[in-house]
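# Remarks on the overall topology
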Amino acid sequence: MDTIVGIINYIVFFAITAGTYGILSLGLNIQWGYTGLFNIGIAGFYAVGAYTAALVSGPPPGAWDGRIFGGFELPFLVGLLAAAVVCGIVALLVGIPTLRLRADYLAIATIGIAETIRLVLKNESWLTNGVWGLQQIPSPLYDPIRAGVTRFLGGHPDLPPWLHDLIFKSYNWFYLLLVLGILFILYLIMQRLVRSPWGRAVKAIREDEDAAAMSGKNTFSFKIQALVLGAMIMGIGGSLYAHYARFISPASFKPLYGTFLVWVMLVLGGSGNNKGAILGSFVVWGIWAGTDFLTGYFPFTATQAASLRIIIIAVLLEVILLWRPQGLLQREKRPPTILKKKA
Amino acid sequence: MQILSRIPQLLIYGVISGSILSLGGIGVSLTYSILGFANFAHGDFMALGAYIALGLFTLTAGLGIPSTPLGPLSFGFGFILSFILAMGLTALTVVLIDRFLFKRLRHTSSIILMMSSIGVALGLRNVLQFFWGPQPHYYIEKIQLAIVIPGVGVRIKPDQVFIIIAAIVSVGLVHYFLQHTKMGKAMRATADNMALARVTGINTERVILWTWVIGAALAATAGILAGIENKFITPELGWQMLLSIFASVVLGGLGNPYGAILGGMIIGLSEEVSTAFISTGYKPAVAFIIMIIMLLIKPTGLLGKRR
Amino acid sequence: MSLLTGEGIHSGYGDMEVLHDVSFRIEEKEIISIIGPNGAGKSTLLKTIFGLLKPTKGSVTFKENSITGLAPDRIVRLGMAYVPQVENVFPSLTAQENLEMGAFIRKDDFSDRLEEVYELFPLLKERRRQRVGKMSGGERQMVAMGRALMLDPELLMLDEPSAALAPKLAEMIFERITAINETGVSILIVEQNAKESLKLADRGYVLASGQNRFEDTGENLLANEEIGQLYLGG
Ligand SMILES: Nc1ncnc2c1ncn2[C@@H]1O[C@H](COP(=O)(O)OP(=O)(O)OP(=O)(O)O)[C@@H](O)[C@H]1O
Ligand SMILES: [Mg+2]
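Residues numbered from 1 in each chain as written. Chains lettered and ligands numbered in written order. Predicted model: local features only at pLDDT ≥ 70, side-chain atom pairs only at ≥ 80, totals over all residues. Heavy atoms only, no water.

All names here are of chain C. Around ligand 1 sit 14 residues, and of these Asn38, Lys42, Ser43, Thr44 and Gln192 come closest. Bound to the protein, ligand 1 loses 62% of the 640 Å² it would expose on its own. For the shell around ligand 1, the secondary-structure elements that each account for two or more residues are strand S2 (16-26) and helix H1 (42-49). With 3 residues, the top contributor of residues to the shell around ligand 1 is H1. Classifying every residue of the shell around ligand 1 by side-chain character gives 5 nonpolar, 7 polar and 2 charged. (Near = heavy atom within 4 Å. Areas by Shrake-Rupley, 256 points an atom, 1.4 Å probe, with all protein chains shown as cover. Helix = DSSP H or I, 4+ residues; strand = E, 2+ residues; numbered from the N terminus. Nonpolar A, V, L, I, M, F, W, Y, C, P; charged D, E, K, R; others polar.)

Structure below.
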């Protein structure tokens, strides 16, 4: 029974993480899948979202803290919205100098901003407490739920131990519902959006920017909007991570790895398809977690195993690009034009 | 005034790091101009070169090839031999990566190639990490005394003079190749207009091959020189410089190898001089901000005009 | 046997077919002119002949070899050269480097040929060290034609060589085309400037909406009233 409880708890943990990645993947889908914007600074936006939420909803600086600012203990939803807004502003600042240029410039600029954000998090202790990070970020409704659970378990002392253990951890069930609920709401919003005139406009830009510009669309403005919107969604993902992990530090946001996983998720699931984006995040997170078990069976050191897992994901990406560039779920209707020959 | 007195010394450091950035940047620029994509794996080609040289150096030492330091330098013949062989082996590896991967994706789009290069970057870095681990490996154990240049009072080590000379020689060779050899001219022609190059009878696949060979050999050079300067290497060596390299290339004009050299020098100097005023940790951010300012003023860069 | 023949060519870009069943032939030493309105598919035809586009149907034969779908760098080796309508020079190379590129596949010394091309376009010799990107339209056109002539081709295909040139320069270019033809090179020329090109052509084709509409000698086409009204501006 213990192993089953362990497995169930692991699945809950797994689904919370995969769901959070699903949100990032949805955010990237609006940028890349629908508009064709190559953002490889996802980790940066994710980090900004997490830190913003932690500063807005977390406790004020303690005695041990290098901070002199932040920690307003505002409600969870306020922090979530603040995370979205701040990410949107960062995206705006990156987009303005780069979105009139070729895609390569946006790519370089987004990786640059992600790296710069990491440096700021590390060095600006007055705001971020430097490498020590932010601690004791409250999980929403944690205390009432735990109180209820304790009261319930106190009233039922004769429960079998495994059930006792499951119920004891039921806060995670609540958090899972919260993450999946937000994921689902975002999915519904995105689905409506991509079918709206706005969605048709950004898709037209993805297909052929010059043609879209010639038909009188302000492509720059649409691209900025898509970049900002996607970044806001990533910020929401970041805030959900902060409230679940309860502790964040610059080391949680290694610039390329997080970004890379999200890209593989979207590309594997099928860019330009919101269901694909979510499917991909669960599949790739499954593979990622699976390789953790797998490498455990070989006589590798921990760092070797970690490297091997990244190599596997990198190979997976190349395999998809070579043999199934459309991903698991194809785009709705029109064929992917990124596969068209360049003139 | 304390700050200002440090500047001459920082300028020397800037020239050294600028030399390394320029060599990395030439490769990024050549690949961009011929194949049309920003190669995110270039930093890891640098690390690959540095590790291949390390492996070969261990091998030459094992074979009894002398490595007594040459003159004032802290390394000897065995190291220089490994250096040169590593350039070749890095080029070979990169050509194989092109054959099996980039070549097959060339008919898609530049963004797909860019995405693929990110996969290569992470894959390669972790292959290095798998075999050598994340910890630093020492290139040179010996501590070298700096020479004080009389009058200005700045210090420079013989190894650092070697780095600057190696960079000047490499840049000179690249310049000779591009301006005075048939393949170099064909490379510039292909960068101008690939379709016209084919119509003219230029074997563009050969041009692409040469682009990779030169870019990779220079990447290996940059990686090894960075190893000499830092005295140690890690698998992250190239990645840590990639952002500054991209900034150099964009500053000089994406796709123009001469721009990459100019941009590399400017970025190298600015990064080092900035440490007199702000935290050393912000070096990559300095490069990034210079790049963004350039994009706002003139997106084609200092020397660029195309695209 | 004709030097170059095309039979029943269908070709286009992606899903869009531009040429629907086009046929033509060129005899040795002939000048052939292809005229037609904007968007008729003239450039598309030349790109298809030269392997930049693959025909979906039909065949192209050069000196009795099928070159249908052959890559451009292979076609060059058979003795055919092509000057595209736009972007037909390497702007960051000097004039002389452009010409050297024209001889890329030659392994031997080509300095004699270079001198011959300079004789044809003396201006280029003066400007040989200048970057072509800084040159005027007429000079660029000379560089482009010179580049194509470096391999001493048997057939030269020119896509609108006089487009956007001042009348005097255009006249000069036409004069050079005749001179090149007199050295034994067959010429396939596509022109907006239909009257001028038909004057020097042995035969001409009229292409409209991706199909050949007329084929006759240059003189007859010029005299044809219907063509005159439709394509030669009355
Ligand atoms: N690269 C391309 N991709 C897609 N369609 C193209 C391309 N080039 C030309 N077309 C289309 O093919 C058709 C024929 O074009 P083409 O350039 O062959 O005409 P043309 O007869 O040479 O005209 P012009 O006298 O203007 O040069 C046109 O409808 C044009 O829009
Ligand atoms: Mg045309």
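From this point, the discussion proceeds with the structure in view.
Before going further, it helps to spend a moment on the pairing of strand S9 (residues 203-208) of chain C. Residues and elements named next belong to chain C. When you tally the buried positions in S9, you get 6 out of 6 residues, the bulk of the element. Residue alternation in S9 divides its side chains into two sets, Arg203, Tyr205 and Leu207 and Gly204, Val206 and Ala208, and both sets are buried. Two elements, strand S3 (residues 31-35) and S9, share 4 bridges in a ladder whose sense is parallel. When the bridges of S9 are listed, Ile34 appears paired with Tyr205. Of the strand pairs in this sheet, S9 and strand S10 (residues 211-217) are connected by 6 bridges, and their pairing is antiparallel. If you follow Gly204 over to S10, its bridge partner there is Asp216. Taken together, S9 and the strand that follows it, S10, pair antiparallel across an intervening segment of 2 residues, in which Ser209 is found at a positive phi of about 45°. (Buried < 20%, exposed > 50% of the residue type's maximum accessible area, 1.4 Å probe, protein only. Pairing = 2+ DSSP bridges.)

Bringing the coordination of the magnesium ion (ligand 2) into the picture now. All names here are of chain C. Ligation of the magnesium ion (ligand 2) by protein atoms is provided by Ser43 (OG) and Gln85 (OE1), these donors lying 1.9 to 2.1 Å from the ion. Linking Ser43 in helix H1 with Gln85 in the loop between strand S6 (80-83) and helix H3 (95-102), this pair joins segments that are 42 residues apart in sequence. A residue is classified by how much of its surface remains accessible, and Ser43, at 18% relative accessible area, is buried. (Donors = N, O, S within 2.8 Å, 3.2 Å for Na, K, Ca; no water.)

All names here are of chain C. Taken together, the 4 strands give an open sheet; going across it, the order is S2-S1-S4-S5, and neighbouring strands pair in antiparallel fashion. Looking at the sheet topology across the chains shown, the edges are occupied by S2 and strand S5 (65-66). Where strand S4 (residues 57-62) lies against S5, 2 bridges are found, and the strand directions are antiparallel. Bridging across to S5, Phe62 finds its partner in Asn65. Lying on the sheet, H1 is in contact with strand S1 (4-13), S2 and S4; it crosses S2 at an angle near 70°. (Contact = heavy atoms within 4.5 Å. Axes fitted to C-alpha atoms, helices over the stretch in contact; angles between N-to-C directions.)

Once that is clear, we can look at the interface of chain C and chain B. Buried accessible area, meaning the area lost when the parts come together, often serves as the stated size of an interface. Across the contact, 25 residues belong to chain C and 20 residues belong to chain B. Taken together, the two surfaces of chain C and chain B that pack against each other cover about 1900 Å², and 60% of this comes from carbon and sulfur. Looking at the side of chain C facing chain B, the largest losses of area belong to Phe90, Met101 and Phe104 of chain C, adding up to 33% of the total buried there. Applying the counting criterion to the chain C and chain B interface returns 2 salt bridges. Salt-bridge contacts for Lys185 of chain B lead to Glu100 of chain C; the nearest nitrogen and oxygen are separated by 2.6 Å. Where chain C touches chain B, the interface holds 8 residue pairs in polar contact (both at pLDDT 80 or more). Mapped onto the side of chain C that touches chain B, the elements with two or more residues apiece are helix H2 (72-77) and H3 of chain C. Each residue belonging to the side of chain C that touches chain B can be placed in one class, and the counts come to 14 nonpolar, 3 polar and 8 charged. (Buried area = accessible area lost by both parts, 1.4 Å probe. Salt bridge = Lys/Arg side-chain N within 4 Å of Asp/Glu carboxyl O. Polar contact = N/O pair within 3.5 Å; in protein donor to acceptor, adjacent residues only side chain to side chain.)

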